[in-house]
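# Residue-level structural notes
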Amino acid sequence: MTTYITTPIYYVNAQPHLGHAYTTIVADTYARFKRLTGDSVRFQTGTDEHGDKIAEAAASEGVSPKEYVDRISGMFRETWPQLDVEPDNFIRTTDPEHVTTVQNILQQVYDKGDIYFDKYTGLYCTGCERFLTEKELVDGKCPDHQTVPEEITEENYFFKMSRYQKELIDHIKTNSDFITPQRYRNEVLSFLSEPLEDLCISRPTSRLTWGIPLPFDKNFVTYVWFDALINYLTGIGYPHGDNFQKYWGAAEHVIAKDILKPHAIYWPTMILSIGLPLYQKLHVHGYWNVDETKMSKSIGNVIRPAELIDEYGVDSVRYFILREMSFGLDASFSSDAIVTRMNSDLANDIGNLYSRTTAMLVKYCDGVVPEAVAVDDDTVLCDLAATVLQSYRENMGSFQFHRALQAVWELISQANKYIVENEPWALVKDPARQGRLGTVLYNLAETLRLLTLLLQPVMPATCTKMARGLGLDQDSPLVTNLADNGNWGGLVAGTRLEKVEALFPRVAVKNKEQPVNRDKNHKKSSKAGKKQKVTLAEGVIGFDQFQKVQLRVAEIVAAEPVKKSDRLLKLTVKAPEERTIVAGIAKFYRPEELVGMQVLIVANLQPIKLMGVGSQGMVLAAKVEGDEGTRLVLSTVSGSVPPGTPVA
Ligand code: MSP
């Protein structure tokens, strides 16, 4: 099977931002997914460098258009590797091959009689680089650019788009996934229910020279959209190249809703006129806003990919944007949202599963993957993996990345639960249950292997690390070939793990709560004490004092020893916000058995530092005095409740 996936070619009148990054990461993820399934894949992106907007941007910087486009196009090209995006081809509309292809196609369409010369008066929006119809205006303005379009009368060349209207409608109606999600297909069909006007495809050189000259009239240059859309053909060597033969039949385009009309109407009618089969699919996504506000230069909230990577790391960014946006709908970026996902989904869920599993394999099995006992009928993870895999394949294949990731995270949660339920730390102490220990740890290791395979398209760098940690080469078919190794049981007993650092560092979240001061002599608390009419016996506190103490249920999501201390453990808990608590329980609990446990905490103690680690609260434990000294037993709740539930 073959896959040809493209992004829009981006205008070079602005530098790359989150919106461009999203589309391009989506295309990269899809390309990587298709490679996992064994397809021959070609992935193309690039820059759109002709037209009014670019000429204006160059003029405003006082440089020639060529100098200007070289510089900004370079910025796009350099951005992609930073995001681990690996296109097979980066096309520029100023490439000589592209200019030739556009001119050849224009001549062909002209010779066929699909281009004619006419006078036209219309409302032209420079922002959209096209004439707008009266219907499209809102309060007389372009809805996208909030500017009043200029009335222009010109003699120009027109493409007979209307000739292909019926054929296009029939195609869309008989191919339900030609344009997805369905809302965009409906939008296009509704637009096509009215007669199509022909498309003005030239600009007089008296007005604009920065474009591709029409081969049949040197007084005109090509309209930027007619030029730009053809990149999808130039990039695979149309009409002669092998790549054209191989890939055109598999073409899929990814765009956002802003350029639906050129891709769903202009482009297919052009393709029909050229006499080629239509592209396979158009995948249309929504817009990224920032803190619920439209991203714009004038508001000053434009997010640059380089800043995101510096702050959060490539894989966190890739994961976040794919997980957060439902493909087709708008989404909002905020630093709170990404930090929350980094801490819960990445550091806690997958990060913990990885570190606990590998730590136990090292400790209990000398770092070697054990044998699963054949008679063991424990198929919990294996069964779930099969269901998850099916959902993953379907959803990745249909651009529902958030759903695919949700499915993968079900497997991660189940595996974390599996650790708590099977208590490997207890199994290891029982010589009669060493076989069972092997099975449990094999199942966990194999789950990690499958996760490495499935997350490859989304977080390639993390998966390389995970593969290494499992003692596998990053190119091993076990983690790169979904077609052959998507089934349970690929990891071979005897594989020796390699030590790698934690997958995702935890990100600090600010604790917004007002703390109660630990200091006994603190003014506020002593004042409150004086209000009591009854003199209290020593050690007795009043109800209003007790009421100040906030007790809550907290879930332990991570636990690790505090350096140079044999008494302290650093716990990360959800209560419901995430915080660190240092607890003196290292002698009584192993870190791996704490994760998942629900404990009681004092939530509003003033933060303090213990052995250099900040602690925001205190965990409650029963203090049991025995022959061997004092033992601490953590207090828990008798049933599962949401983290953060107050204790009354
Ligand atoms: N040059 C044309 C496309 C020609 S394709 C033959 C163009 N360029 S653009 O630079 O304006 O890019 C538009 C595309 O950038 C959108 O369709 C989308 O892929 C991406 N995005 C730009 N802003 C975006 C958001 N705020 N959110 C999501 N994606 C957005 O149009």
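Worth saying up front: this structure is predicted, and the values here are computed from it rather than measured.

## Topic: the overall build of the chain
The helix and strand tally for the chain stands at 23 helices and 25 strands. A principal-axis box enclosing the C-alpha atoms of the chain has dimensions of 100 × 70 × 45 Å. Put simply, the chain has 648 residues, and 53% of those count as buried. Taking the intrachain contacts of the chain between residues at least 6 apart in sequence as the baseline, contacts between residues at least 24 apart amount to 74%. Accessible area for the chain stands at about 29500 Å²; split by element, carbon and sulfur atoms hold 50% of it. In the chain, the 70 positive side-chain charges and the 81 negative ones have mean positions that sit 8 Å from each other.

## Observations concerning the side chain of Ser-316
Its place among the elements puts Ser-316 in helix 12 (residues 314-324). The exposure class of Ser-316 is buried, given its relative accessible area of 5%. Among the polar contacts made by the side chain of Ser-316, one reaches the main-chain carbonyl oxygen of Tyr-312 at a distance of 3.2 Å. Setting aside residues up to four positions removed in sequence, Ser-316 forms contacts with Ile-338, Met-342, Leu-346 and Phe-504.

## Things to note about the sheet that holds strand 9 (residues 202-204)
With respect to topology, three strands assemble into an open sheet ordered 9-11-10, the strand pairing being antiparallel. On the outer flanks of this sheet lie strand 9 and strand 10 (213-214), each paired with one strand and no other. For strand 9 and strand 11 (residues 217-222), the ladder comprises three bridges, and the chain directions are antiparallel. What sits directly across from Pro-204, in strand 11, is Phe-220.

## A few points about empty space enclosed by the protein
Using the criterion set out here, one finds two cavities of 30 Å³ or more in the structure. Every residue along the wall of the second largest cavity is listed here: Gly-51, Asp-52, Tyr-124, Glu-129, Arg-203, Leu-208, Thr-222, Tyr-223 and Val-224. The class makeup of the residues in the lining of the second largest cavity is four nonpolar, two polar and three charged.

## Examining the site of the ligand
Taken together, 23 residues surround the ligand, and among them Ile-9, Thr-23, Asp-48, Asp-258 and Trp-288 come closest. Tyr-11 has a polar backbone atom sitting 3.0 Å from an oxygen atom of the ligand. Between Thr-23 and the ligand, the recorded distance is 2.6 Å, taken from a side-chain N or O atom to an oxygen atom. Within the complex, 93% of the 670 Å² of free accessible area of the ligand lies under protein. Examining the composition of the shell around the ligand, we find that four residues originate from one element, strand 1 (residues 2-11), more than from any other. When the residues that make up the shell around the ligand are grouped by side-chain class, the tally is 13 nonpolar, eight polar and two charged.

## Observations regarding the pattern of salt bridges
A complete count under the given rule lists 28 salt bridges for this structure. One salt bridge connects Asp-88 with Arg-35, and the closest N-O pair in it is separated by 2.9 Å. Here Asp-88 is found in the loop between helix 3 (65-82) and strand 3 (89-92), whereas its partner Arg-35 is found in helix 1 (residues 18-36), with 53 residues between them in sequence. In this structure, Glu-49 engages Arg-92 in a salt bridge whose closest nitrogen and oxygen atoms are separated by 2.6 Å. Of the two residues, Glu-49 is situated in the loop between strand 2 (40-48) and helix 2 (52-61) and Arg-92 in strand 3; the sequence distance between them amounts to 43 residues. Like Glu-49, the residue Arg-92 is buried in the burial classification. Among the charged side chains, a salt-bridge network with shared partners connects Asp-28, Arg-32, Glu-86 and Arg-318.

## A few points about the pairing of strand 1
Of all ten residues that make up strand 1, nine are buried, and the element is covered over most of its length. As paired strands, strand 1 and strand 2 are joined by eight bridges and run parallel to one another. Within strand 2, the position partnered with Thr-3 by the bridge is Val-41. What joins strand 1 to strand 2 is helix 1, and the crossover it makes is right-handed. Relative to strand 12 (residues 251-256), strand 1 runs parallel, the two being bridged by three bridges.

## A word on the sheet that holds strand 15 (residues 293-294)
Taken in spatial order, the three strands line up as 15-14-16 in an open sheet, and their pairing is mixed. Strands at the two margins of the open sheet, each flanked by one partner only, are strand 15 and strand 16 (331-333). Here three bridges tie strand 14 (residues 288-290) to strand 16, and the two strands are oriented parallel to one another. Considered in strand 16, the bridge of Val-290 is made with Phe-333.

## Description of helix 13 (residues 335-365)
Roughly 40° is the biggest bend found in helix 13, and it falls at Gly-351. Taken across its 31 residues, helix 13 has 23 buried, putting it largely inside the fold.

## Things to note about the packing of helix 1 against helix 14 (residues 380-397)
Two packed helices can be described by the angle between their axes and the distance between those axes. Between helix 1 and helix 14, the shortest axis-to-axis distance is 10 Å and the interhelical angle comes to 135°. Judged by the inter-axis angle, helix 1 sits oblique to helix 14. When you trace helix 1 past helix 14, the crossing you get is left-handed. Facing helix 1, whose interface residues are Thr-29, Tyr-30, Phe-33 and Leu-36, helix 14 presents Tyr-392, Arg-393, Met-396 and Gly-397.

## Description of the confidence of the model for the chain
Of all residues in the chain, 95% attain a pLDDT of 70 or more, and the chain-wide mean is 92. Contacts of residues 510-538 to residues separated by more than four positions or lying in other chains number 36 contacts, the stretch itself having pLDDT below 50.

Conventions used here
Residues numbered from 1 in each chain as written. Predicted model: local features only at pLDDT ≥ 70, side-chain atom pairs only at ≥ 80, totals over all residues. Heavy atoms only, no water. Helix = DSSP H or I, 4+ residues; strand = E, 2+ residues; numbered from the N terminus. Buried < 20%, exposed > 50% of the residue type's maximum accessible area, 1.4 Å probe, protein only. Contact = heavy atoms within 4.5 Å. Areas by Shrake-Rupley, 256 points an atom, 1.4 Å probe, with all protein chains shown as cover. Lys, Arg positive; Asp, Glu negative; His and termini not counted. Charge placed at Lys NZ, Arg CZ, Asp CG, Glu CD. Polar contact = N/O pair within 3.5 Å; in protein donor to acceptor, adjacent residues only side chain to side chain. Pairing = 2+ DSSP bridges. 1 Å grid on protein atoms, 1.4 Å probe; cavity = no way out; pocket = protein on both sides within 12 Å on 5 of 7 lines; lining within 4 Å. Points joined across faces, edges and corners; volume = space filled by probe spheres on them. Nonpolar A, V, L, I, M, F, W, Y, C, P; charged D, E, K, R; others polar. Near = heavy atom within 4 Å. Salt bridge = Lys/Arg side-chain N within 4 Å of Asp/Glu carboxyl O. Right-handed = clockwise from strand over helix to strand, strands pointing away. Bend = angle between axes of the 7 residues up to and from the residue. Axes fitted to C-alpha atoms, helices over the stretch in contact; angles between N-to-C directions. Parallel < 35°, antiparallel > 145°, perpendicular 65-115°, else oblique. Left-handed = near helix turned anticlockwise from the far one by under 90°. pLDDT = per-residue confidence, 0-100.

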